[in-house]
Amino acid sequence: MDQTTQLLSRIAKNARTGAEATEQLIQRTPDGQMRSELLFQKEQYLSTDQRAAQMLTQMGRRPEKAGPMEKAGMWMGIRMDTALDTTPSHIADMMIQGATMGVIDATKARNQYPDASAEAHGLASEYITHSQDAIERMKQFLQ
């Protein structure tokens, strides 16, 4: 697999994971302001995932799908982590941790695949910027 494909696959996976986790948190939060923020962030993740998938499709590739065990693990982790605390502060903490992990992975991927196309690097940079913005936006909910 060439470096462009590898970088786009990592970005797509990060964005898809972010969207799925955010959707689960939307379902768990009773706070309207937090829900609005989560919906905005979910749209950002979905947009990035769709763009990466489109770029991969144009290259004759398909984005990898998360396996059922991976999805079940995330679902179970979020359920357990929000079983006793669904406050905006706790949800924000979870989102900040997840977005930070995404920034780290996307930065590593960008550095691991220096010969990937400029478009792939640009999408990775946009993903990182959106994730860093999400972190900043979530800080308002921390208490």
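Not measured: the values here are computed from a predicted model.

## A look at the layout of surface pockets
In this approach, a probe sized like a water molecule rolls over the atoms, and the result shows the empty space that is left.
Thought 1: For the largest pocket, the calculated volume is near 520 Å³.
Thought 2: For the largest pocket, the lining is made up of 23 residues, of which Thr 17, Ala 21, Gly 98, Ala 99 and Met 101 are closest to its centre.
Thought 3: Going through the elements one at a time, α1 (3-28), α3 (68-81) and α4 (88-112) are the ones with two or more residues in the lining of the largest pocket.
Thought 4: Grouping the amino acids of the lining of the largest pocket by side-chain chemistry returns 10 nonpolar, 8 polar and 5 charged.

## A few points about helix α5 (residues 118-138)
Helical periodicity: at 3.6 residues per turn, an α-helix aligns residues three or four positions apart in one direction.
Thought 1: Over its 21 residues, α5 runs 30 Å from end to end, which matches the ideal 30 Å to within 8%, given 1.5 Å per residue.
Thought 2: When α5 is considered as a whole, its buried residues turn out to be Ala 120, His 121, Leu 123, Ala 124, Tyr 127, Ile 128, Ser 131, Ala 134, Ile 135 and Met 138. The arc that holds the buried residues of α5, viewed along the axis, is 160°, so those residues lie on one side. Opposite the buried face of α5, by more than 90 degrees, sit the exposed residues Ala 118 and Glu 119.
Thought 3: Buried residues along α5 sit in contact with α1, α2 (32-58) and α4.

Reading guide: rules and limits
- Residues numbered from 1 in each chain as written.
- Predicted model: local features only at pLDDT ≥ 70, side-chain atom pairs only at ≥ 80, totals over all residues.
- Heavy atoms only, no water.
- 1 Å grid on protein atoms, 1.4 Å probe; cavity = no way out; pocket = protein on both sides within 12 Å on 5 of 7 lines; lining within 4 Å.
- Points joined across faces, edges and corners; volume = space filled by probe spheres on them.
- Helix = DSSP H or I, 4+ residues; strand = E, 2+ residues; numbered from the N terminus.
- Nonpolar A, V, L, I, M, F, W, Y, C, P; charged D, E, K, R; others polar.
- Expected span 1.5 Å × (residues − 1).
- Buried < 20%, exposed > 50% of the residue type's maximum accessible area, 1.4 Å probe, protein only.
- Arc of directions from axis to C-beta.
- Contact = heavy atoms within 4.5 Å.

In short, shape yes, function no, at least from these values alone.
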